[in-house]
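# Structural description and commentary
These are the residues of each chain, in order.
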Amino acid sequence: MITLLYRIYQIVIGLPVVVICTIVTALEVGIGTTIGNGHFWGYYPGRWWAKIILKVLLIPVKVEGREHLAKDQSYVFVANHQGIFDIFLVYGHLGRNFKWMMKHQLGKIPFIGYACRKSHQIFVDKSGPKKIKKTYDTAREILQEGYSVTVFPEGARSFTGHMAKFRKGAFALADELQLPVVPLTINGSFDILPRTRGFVNIIDWHPLRLTIHEPIFPTGKGPENIEAVRSQAYDAVMSALVPEYQGYVENPDQ
């Protein structure tokens, strides 16, 4: 009975509010970044958009480990990618002004793609050497300005809730600039909306939890440091996953 009532609530109240909130936020970001501070308007409206969506959908959130983050430090955040609710959890509750590194295809999503382009999120396009270089140049500029970036180093959402391998791009970027990497563990997103259902569907109620691990600082520079940090970050993220999703499972499209 509770499940049925929640589904009715989603259809009648939750989803219409999410759509309206998304459109309003996209327009706000577009106008704000055109006339004002791009870093402010590129982050805060999106942060409140994410918080409101989780509140409206009655999804409880728990965050652990914020004390590990220094106020004025730039970080490369790396997280497991369980589903689209990862976006709302990290954007709304990490508590840092950052830019996303995301697939360039996401720029085609109505309103969301527009807001991402206007707020200078970093689109990852691997269709050629020049576009790959442009991606890293943009990320490098953001980090050198004192902001942070957030990456899903698996490269795609999980089909099973388990983690796939981490690609090395984010770790190479952190190595080049000698910045700390902060692993983030996301729990609950896969249980809300598995990838196999697609983007538009009725969701299941489930709590979300974000675990912010201690930063991993570079101990050298070059391939050995990249691999060491990647391995440490992977182990840290894995360590906080619920038992159901422990262990490596390959993603078909990784």
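Summary of the structure given here. In this text the structure is predicted, and so the values were computed from the model without any measurement.

### Observations concerning the overall build of the protein
For the protein, the helix and strand inventory stands at 9 helices and 7 strands. Computed over the C-alpha atoms, the radius of gyration of the protein is 18 Å, within 12% of the 18 Å expected from 2.2 N^0.38 for a compact globule of 254 residues. Each of the 254 residues in the protein was classed as buried or not, and the buried ones make up 51%. Across the protein, every contact between residues at least 6 apart in sequence was considered, and the portion connecting residues at least 24 apart equals 76%. Surface summary for the protein: the accessible area is close to 12500 Å², and the carbon and sulfur share equals 62%. Averaged over its 28 positive side-chain charges, the protein has a centre that lies 7 Å from the centre of its 21 negative ones.

### Details of a nonpolar patch on the surface
Residues Met 1, Leu 4, Leu 5, Ile 8, Ile 11, Val 12, Ile 13 and Val 17 make up a contiguous nonpolar surface patch of roughly 780 Å² in combined accessible area. Looking at the secondary structure, you find Leu 5 in helix H1 (residues 2-35).

### Focus: the pattern of salt bridges
Under the definition given, this model contains 4 salt bridges. Linking Lys 62 and Glu 64 is a salt bridge whose minimum nitrogen-to-oxygen distance equals 3.5 Å. For Arg 230, the salt bridge is made with Glu 227, and the minimal N-O distance between the two is 2.6 Å. One end of the pair is Arg 230 and the other is Glu 227, both in helix H9 (residues 223-239) and 3 residues apart, which spans about a single turn. Taken together, the shared-partner salt bridges connect Lys 62, Glu 64 and Arg 209 into one network.

### Observations regarding unusual backbone geometry
Backbone geometry places Leu 58, a non-glycine residue, at a positive phi of 65 degrees. Structurally, Leu 58 can be placed in the loop between helix H3 (44-56) and strand E1 (61-64). Judged by relative accessible area, which is 43%, Leu 58 ranks as partly exposed. Unusually for a residue other than glycine, Gln 178 sits at a positive phi of about 55 degrees. Note on placement: Gln 178 falls in the loop between helix H7 (169-177) and strand E6 (181-187).

### Here's the deal with H7
For H7, the buried fraction is high: 7 of the 9 residues fall into the buried class. All of the buried residues in H7 are Gly 169, Ala 170, Phe 171, Leu 173, Ala 174, Asp 175 and Leu 177. Positioned one or two residues after H7, Gln 178 has a phi angle of 55 degrees, which is positive.

### Points about the packing of H3 against helix H4 (residues 85-93)
For any two helices packed against each other, one specifies the crossing angle of their axes together with the interaxial distance. Packing of H3 against H4 brings their axes to within 8 Å, and their N-to-C directions diverge by 120 degrees. By the angle between their directions, the pair H3 and H4 is classed as oblique. Between H3 and H4 lies a crossing of left-handed hand. Residues Gly 46, Arg 47, Trp 49, Ala 50, Lys 51, Ile 53 and Leu 54 of H3 lie in contact with H4, whose contacting residues are Phe 85, Ile 87, Phe 88, Leu 89, Tyr 91, Gly 92 and His 93. Broken down by class, the residue content of the contact of H3 with H4 amounts to 9 nonpolar, 3 polar and 2 charged.

### Side note on the packing of aromatic side chains
To describe a pair of aromatic rings, one takes the distance between the centres and the angle between the planes. In the structure shown here, the tally under the stated rule is 15 aromatic pairs. Seen in terms of ring centroids, Tyr 43 and Tyr 44 are 4.7 Å apart; in terms of plane orientation they differ by 70 degrees. Their pairing is edge-to-face. Residue class for Tyr 43 comes out buried when judged on its relative accessible area of 1%. With centroids separated by 5.6 Å and ring planes inclined at 50 degrees, the aromatic side chains of Tyr 91 and Phe 98 adopt a geometry described as tilted. Considered together, Tyr 91 and Phe 98 belong to a single accessibility category, that of buried residues. Above the ring of Trp 48, the side-chain terminus of Lys 51 is found at 5.6 Å from the ring centroid.

What counts, and where the lines are drawn
- The residue count restarts for each chain, going from 1 along the sequence in the order it is written.
- Side-chain atom pairs in this predicted model are given and counted only at pLDDT of 80 or more, local residue features only at pLDDT of at least 70, and totals for whole chains, interfaces and linings cover all residues.
- Water and hydrogen atoms were dropped before computing side-chain values, which therefore reflect all heavy atoms in the structure.
- Secondary structure is summarised from DSSP: a helix means a run of H or I of at least four residues, a strand means a run of E of at least two, and numbering begins at the N terminus for each.
- Our radius of gyration is a C-alpha quantity, and the globule rule it is checked against amounts to 2.2 Å times the number of residues to the power 0.38.
- Here the term buried applies to any residue with accessible area under 20% of the maximum for its type, exposed to any over 50%, and partly exposed to those in between, with areas from a 1.4 Å probe on protein chains only.
- Contact definition: two residues touch when any of their heavy atoms are within 4.5 Å.
- Accessible surface area values rest on a Shrake-Rupley calculation with a 1.4 Å probe, where residue burial reflects the displayed protein chains alone.
- Positive charge is attributed to Lys and Arg, negative charge to Asp and Glu, and no charge count is given to His or to the chain ends.
- The location of each charge is read from NZ of Lys, CZ of Arg, CG of Asp or CD of Glu.
- Any residue with relative accessible area above 30% and no salt bridge may belong to a patch, with like charges joined within 9 Å and the nonpolar Val, Leu, Ile, Met, Phe, Trp and Tyr side chains within 5 Å.
- Should a side-chain nitrogen of Lys or Arg be within 4 Å of a carboxyl oxygen of Asp or Glu, the pair is scored as a salt bridge.
- To get an axis, fit a line to the C-alpha atoms, keeping to the stretch in contact for a helix; angles then go from 0 to 180 degrees between the N-to-C directions.
- Just so you know how the angles are binned, under 35 degrees is roughly parallel, over 145 roughly antiparallel, 65 to 115 roughly perpendicular, and the rest oblique.
- Crossing handedness is defined as follows: a turn of the near helix away from the far one that is anticlockwise and smaller than a right angle gives a left-handed crossing, while the clockwise case is right-handed.
- Residues are grouped as follows: Ala, Val, Leu, Ile, Met, Phe, Trp, Tyr, Cys and Pro are nonpolar; Asp, Glu, Lys and Arg are charged; every other residue, Gly included, is polar.
- Put simply, two rings from Phe, Tyr or Trp (the six-membered ring, in Trp's case) pair if the centres are within 6.5 Å, and we call them stacked under 30 degrees between planes, edge-to-face over 60, tilted for the rest.
- In our convention, an over-ring charge means Lys NZ or Arg CZ found within 6 Å of a ring centre and within 35 degrees of that ring's normal.

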